[in-house]
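This is what each chain is made of:
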Amino acid sequence: MCKLILALYVDIGLASSDDEELIDASIDVLQSKFKIVSKTADQFLGIRISRSSNGDISLDQLLYIEKLTKQFGIAGFGALSRSLENPSPKDVSCLKRVTRYLNSTINFKFVYKFDPTVKQLECYSDADFAGYPATSRSTTGILIKYADAVISWISKRQQLVADSSCDAELITANETSKETIWISRLFRELINLSDVPVQGC
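Here goes a summary of the coordinates provided. Counting restarts for each chain: residues are numbered from 1 in the order of the written sequence. Two thresholds apply to this predicted model, a pLDDT of at least 70 for residue-level local features and 80 or more for giving and counting side-chain atom pairs, whereas whole-chain, interface and lining totals are computed over all residues. As a convention, hydrogens and water are excluded, and side-chain values are obtained from all of the structure's heavy atoms.

### Some remarks on the packing of aromatic side chains
For any pair of aromatic rings, geometry is given as the distance between the ring centres together with the angle between the planes.
Next up, step 1: Put simply, two rings from Phe, Tyr or Trp (the six-membered ring, in Trp's case) pair if the centres are within 6.5 Å, and we call them stacked under 30 degrees between planes, edge-to-face over 60, tilted for the rest. Tallying each qualifying case throughout the model produces three aromatic pairs.
Next up, step 2: A ring pair is formed by Phe110 and Trp153, whose centres lie 5.5 Å apart and whose planes are at 65°; its orientation type is edge-to-face. Residue Phe110 is located in strand β6 (residues 110-112), and its partner Trp153 is located in strand β9 (residues 149-157); the two are separated by 43 residues in the primary sequence.
Next up, step 3: Taking the relative accessible area as the measure of exposure, Phe110 reaches 30% and is therefore partly exposed.
Next up, step 4: We classify Trp153 as exposed; its relative accessible area is 54%.
Next up, step 5: Between Tyr146 and Phe187, the ring centres sit 5.0 Å apart and the planes meet at 75°, which makes this aromatic pair edge-to-face. A run of H or I in DSSP becomes a helix once it reaches four residues, and a run of E becomes a strand once it reaches two; helices and strands are each numbered from the N terminus. Buried, partly exposed and exposed residues are distinguished by accessible area as a fraction of the type maximum, computed with a 1.4 Å probe on protein chains only: under 20%, between the cut-offs, and over 50%, respectively.

Laid out in C-alpha cells, this is it:
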C-alpha cells in the first residue's frame, strides 16, 4: 500500500510518495478546495533541496544564512539575542565569530545517500558540565543520522542542575533515547526500519 507524506507549514507544504499518481491525485483534491501552485520542490523554509542523478538528495541553507547575516544581525542568533537590548563587547565579539563561522561554512550541506539497504539510525549524544555559569546548568547535545546524514539535532540547556559530569551525561542519554524512540516510530510508518538504532557518546 502506497503512502503519502504531507508536510505543511502555514501556507507552504511538501508532498512525497513512491507513487507519483497518488501525489497528483492528492494535489488535484486540494486544488479543488484551495488555490495551490504545484511544482517540484527546490526549497522549503529556507532549505535548498537538490537531487543528483544517482538518487542522492542534498540540503543546504545558503539562502537562509545569507538573509540571516545580512538583514537580522544579532536578533537571528539564539543565545546572543538574549543580550539584544544591551549587548556587551563580549556579545559583539561572539556575534562576529558566529558570522565568520556561518560565512566560512555557507556551502556546507547534508547529503543523503541513496541506499535501499540502509535500515538503521545512528544516534550520538554528549554533554558539557555546568557550562552556563549564571545557573550552573549543563547543555545537552543530540545528533541522529540516517542515510549518512543528519536528520535530527538538538542542543539545549538542561532543566535540572547536574551534580556531576556523569549526571549531565545520563540526562543527555535519557533525552537521546526519547528522541530516538520517537523518530524510530515515525520511520517505521514510512520505511522498513528493521535494525535497532546504534547509540554512541
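### Quick look at the nonpolar core
Next up, step 1: Counting residues in each nonpolar core, the largest one holds eleven residues, listed as Tyr112, Leu121, Cys123, Ile142, Ile144, Tyr146, Ala147, Ala149, Ile183, Phe187 and Leu193.
Next up, step 2: Sort the elements by how many residues they give to this core and strand β8 (residues 139-146) lands first, with three residues.
Next up, step 3: Excluding residues that lie within four positions of it along the chain, Leu193 makes contacts with Lys119, Gln120, Leu121, Tyr146, Ser184, Phe187 and Arg188.
Next up, step 4: The term nonpolar core refers to a set of buried residues drawn from Ala, Val, Leu, Ile, Met, Phe, Trp, Tyr and Cys, joined through side-chain atoms within 4.5 Å. Counting five residues, the second-largest nonpolar core is a separate cluster that includes Leu62, Ile65, Leu102 and Ile106. It only takes one pair of heavy atoms within 4.5 Å for two residues to be counted as in contact.

### A look at the side chain of Ser58
Next up, step 1: Looking at where Ser58 falls in the secondary structure, it is placed in strand β5 (residues 57-60).
Next up, step 2: Residue class for Ser58 comes out buried when judged on its relative accessible area of 9%.
Next up, step 3: Every residue in contact with Ser58, bar those within four places of it in the chain, is listed here: Arg48, Ile49, Ser50, Lys109, Phe110 and Val111.

### Re the pattern of salt bridges
Next up, step 1: The working definition used for a salt bridge is a side-chain nitrogen of Lys or Arg within 4 Å of a carboxyl oxygen of Asp or Glu. Applying the stated criterion across every chain, the model contains five salt bridges.
Next up, step 2: Two residues, Asp42 and Lys39, come together in a salt bridge whose shortest N-O distance is 3.9 Å.
Next up, step 3: In this structure Asp42 comes out as partly exposed when scored by relative accessible area, which is 38%.
Next up, step 4: A cluster of three or more residues bridged by salt bridges with shared partners is formed by Lys156, Glu175 and Lys178.

### Structural notes on the sheet that holds β5
Next up, step 1: Reading across from one edge, β3-β4-β5-β6 is the order of the four strands in this open sheet, with antiparallel pairing throughout. Two strands bound the open sheet, and with one partner strand each, they are β3 (43-44) and β6. Here, strands pair whenever DSSP counts at least two bridges between them.

### Comments concerning the pairing of β5
The side chains of a regular strand alternate, first on one face of the sheet and then on the other.
Next up, step 1: The alternating pattern of β5 places Ser58 and Asp60 on a buried face and Ile57 and Leu59 on a face that is not buried.
Next up, step 2: Summarising the sheet, strand β4 (residues 47-51) and β5 pair through four bridges and their orientation is antiparallel. Bridging from a neighbouring strand, Ser50 pairs with Ser58 of β5.
Next up, step 3: Linking β4 back to β5 in an antiparallel pair, the connection comprises five residues, with Gly55 at a positive phi of about 100°.

### A word on helix α3 (residues 89-104)
Next up, step 1: By definition here, a helix of n residues has an expected span of 1.5 Å times n minus one. For α3, which comprises 16 residues, the first-to-last C-alpha distance of 23 Å matches the rise-based estimate of 22 Å (1.5 Å per residue) to within 8%.
Next up, step 2: Taken as a whole, α3 has its buried residues at Asp91, Leu95 and Leu102. Buried residues of α3 fall within an arc of 40° about the axis and therefore sit on the same side. Pointing more than 90 degrees away from the buried face of α3 are the exposed residues Pro89, Lys90, Arg97, Arg100, Tyr101 and Ser104. Directions are taken from the helix axis to each C-beta atom, and the arc is the one they span.

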